[in-house]
Amino acid sequence: MNKILVIDDEAALRDLIELVLRRENYEVRTAENGSAGLTALDAFQPDLVVLDLMLPDCSGYDLCKEITKRQAVPVIMLSAKNEIIDKVLGLELGAEDYMTKPFDNRELLARIKVVLRRAQNSGLPAEAEDTRITHEELTFDLETRVVQKGGVPVALTAKEFRILETLLKRPDKIYTRDELLEIVWGYDFMGDSRSVDMTIMRLRKKLEDDAENPKYIRTVYGFGYQLGGGSA
C-alpha cells in the first residue's frame, strides 16, 4: 500500500483528497501547514507528497525544496496559479508534477499513479541481487535510495537521485541534456534543458569536493554529461 502525504490548508479540499485516495486503497496522512507537513514527512515516510503552493506559514516552493532535500520523495504541487512561470519554477525546485485548481479528482489520481510508477521503476533494481553501486567514495543503494559519500549520507532530491543513478548505471555513456531530460523529467516536461544543468549544479555541490572542478559528474563539452573519477 503506497503512502501519500497531503499538505493543504484548505480543510474541505484536504478532506476530499484524503477520501478519494483512501477509496483507491492509499494510506493517507494530512497536514494543514508547512510545519505540520515536515513533522508528518519525517514520521510517515510517504511514497509521494501532494503539496499546496499557498500555505499560511511558508511558501510551497520553499517547502518543496525542504521536502526533497530531506527525502528522495516525489512531489505533486497544487496551485490556483496557472502561469507557465509558476509551473516551471515548481518543477525546477523539485516537484514531479504541477496541477492547477480546480482539478478533476480522476486526473489527480491518474497523475499520482504515473508519478508513483515512474519513481518505483527508477528505484528498483532489475534483478534481486546486490542493490548497491559503488564508485570510488560514493555508495548508491537502489533499494533503500540512500546515497553515501565516504560513509556519510548525502540528502538528494528525487531528480538528483535519478540523474546520479542514470550516470552510475552506464559509466561509459555520455548522456545528452535531452536524454537526461526525458529520463528524469519525462517526455511531457514543459521546461527546457537548463533544468538539467541546474540540477547537476546542485548535485555537484552535494557530491564534489570542488564543484568548480567536478570529479564525479564530468561535462563533455559539445555532448553532455558522463560519470567521471574512475571505473565503476
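Before going further, it helps to examine the pattern of salt bridges. All chains considered together, the criterion is met by 20 salt bridges. Between E136 and K215 there is a salt bridge, with the nearest N and O atoms lying 2.8 Å from each other. Of the two residues, E136 is situated in the loop between strand 6 (132-135) and strand 7 (138-141) and K215 in the loop between helix 8 (194-207) and strand 10 (217-220); the sequence distance between them amounts to 79 residues. Owing to a relative accessible area of 38%, E136 belongs among the partly exposed residues under this scheme. On the accessibility criterion, K215 (37% relative accessible area) is partly exposed. Of the charged contacts in the structure, one is a salt bridge between E160 and R202, with a shortest N-O distance of 3.7 Å. Of this pair, E160 sits in helix 6 (residues 158-169) while R202 sits in helix 8; the two residues are 42 residues apart in sequence, bridging distant segments of the chain. Exposure remark for E160: the relative accessible area of 1% places this residue in the buried category.

If you walk across this open sheet you meet the four strands as 6-7-8-9, and the pairing is antiparallel. With partners counted over all chains shown, the strands left at the sheet margins are strand 6 and strand 9 (152-154), one partner each. When strand polarity is set aside, the average angle formed by the axes of neighbouring strands in this sheet is 25°. Alignment of strand 6 against strand 7, held across four bridges, turns out to be antiparallel. Looking at the pairing, T134 lines up with T139 of strand 7. Each of strand 6, strand 7 and strand 8 (146-149) is contacted by helix 6, which is oriented at about 105° to strand 7, the strand it contacts most.

Inspection of the secondary structure puts L181 in helix 7 (residues 177-185). Taking the C-alpha atoms as reference points, L181 and S193, separated by 12 residues in sequence, lie 6.5 Å from one another.

Between helix 2 (residues 34-44) and helix 3 (residues 60-70), whose axes approach to 11 Å, the crossing angle comes to 15°. As the angle between them shows, helix 2 and helix 3 are arranged roughly parallel. Read as a crossing pair, helix 2 and helix 3 show a hand that is right-handed. Where helix 2 approaches helix 3, its residues G34, L38, L41 and D42 are matched on the opposing element by L63, E66, I67 and R70. Here the residues of the contact of helix 2 with helix 3 are counted per class, giving four nonpolar, one polar and three charged.

In this section: the pairing of strand 8. Covered by surrounding structure in strand 8 are V147 and K149 only, the residues V146 and Q148 on the alternate face being uncovered. Bridge analysis of strand 7 against strand 8 gives four bridges, and the strand direction is antiparallel. Paired with F140 across the strands is V147, a residue of strand 8. The hairpin turn running from strand 7 into strand 8, its antiparallel successor, is four residues long, and R145 in that turn takes a positive phi close to 60°. Examined bridge by bridge, strand 8 and strand 9 share three bridges and lie antiparallel to one another. In the strand pairing of strand 9, Q148 is matched with P153. A loop of two residues connects strand 8 with strand 9, the two strands running antiparallel in sequence, and G150 in this loop sits at a positive phi of about 60°.

In this section: the sheet that holds strand 3 (residues 48-52). The sheet built from five strands is open, its strands ordered 2-1-3-4-5 with parallel pairing. Edge positions in the open sheet fall to strand 2 (27-31) and strand 5 (97-100), since each of these has one partner strand only. Within this sheet the neighbouring strands show an average axis-to-axis angle of 20°, counted without direction. One ladder, built from five bridges, connects strand 1 (residues 3-7) with strand 2; its direction is parallel. Looking across to strand 2, one finds that I7 is bridged to A31. The strands touched by helix 2 are strand 1, strand 2 and strand 3; relative to strand 1, the strand with the most contacts, the crossing angle is about 170°. Sheet contacts for helix 4 (residues 84-92): strand 4 (75-79) and strand 5; angle to strand 5, the most-contacted strand, approximately 145°.

Conventions and cut-offs
- Residues numbered from 1 in each chain as written.
- Predicted model: local features only at pLDDT ≥ 70, side-chain atom pairs only at ≥ 80, totals over all residues.
- Heavy atoms only, no water.
- Salt bridge = Lys/Arg side-chain N within 4 Å of Asp/Glu carboxyl O.
- Helix = DSSP H or I, 4+ residues; strand = E, 2+ residues; numbered from the N terminus.
- Buried < 20%, exposed > 50% of the residue type's maximum accessible area, 1.4 Å probe, protein only.
- Pairing = 2+ DSSP bridges.
- Axes fitted to C-alpha atoms, helices over the stretch in contact; angles between N-to-C directions.
- Contact = heavy atoms within 4.5 Å.
- Parallel < 35°, antiparallel > 145°, perpendicular 65-115°, else oblique.
- Left-handed = near helix turned anticlockwise from the far one by under 90°.
- Nonpolar A, V, L, I, M, F, W, Y, C, P; charged D, E, K, R; others polar.

Just distances and angles here, no functional claims.
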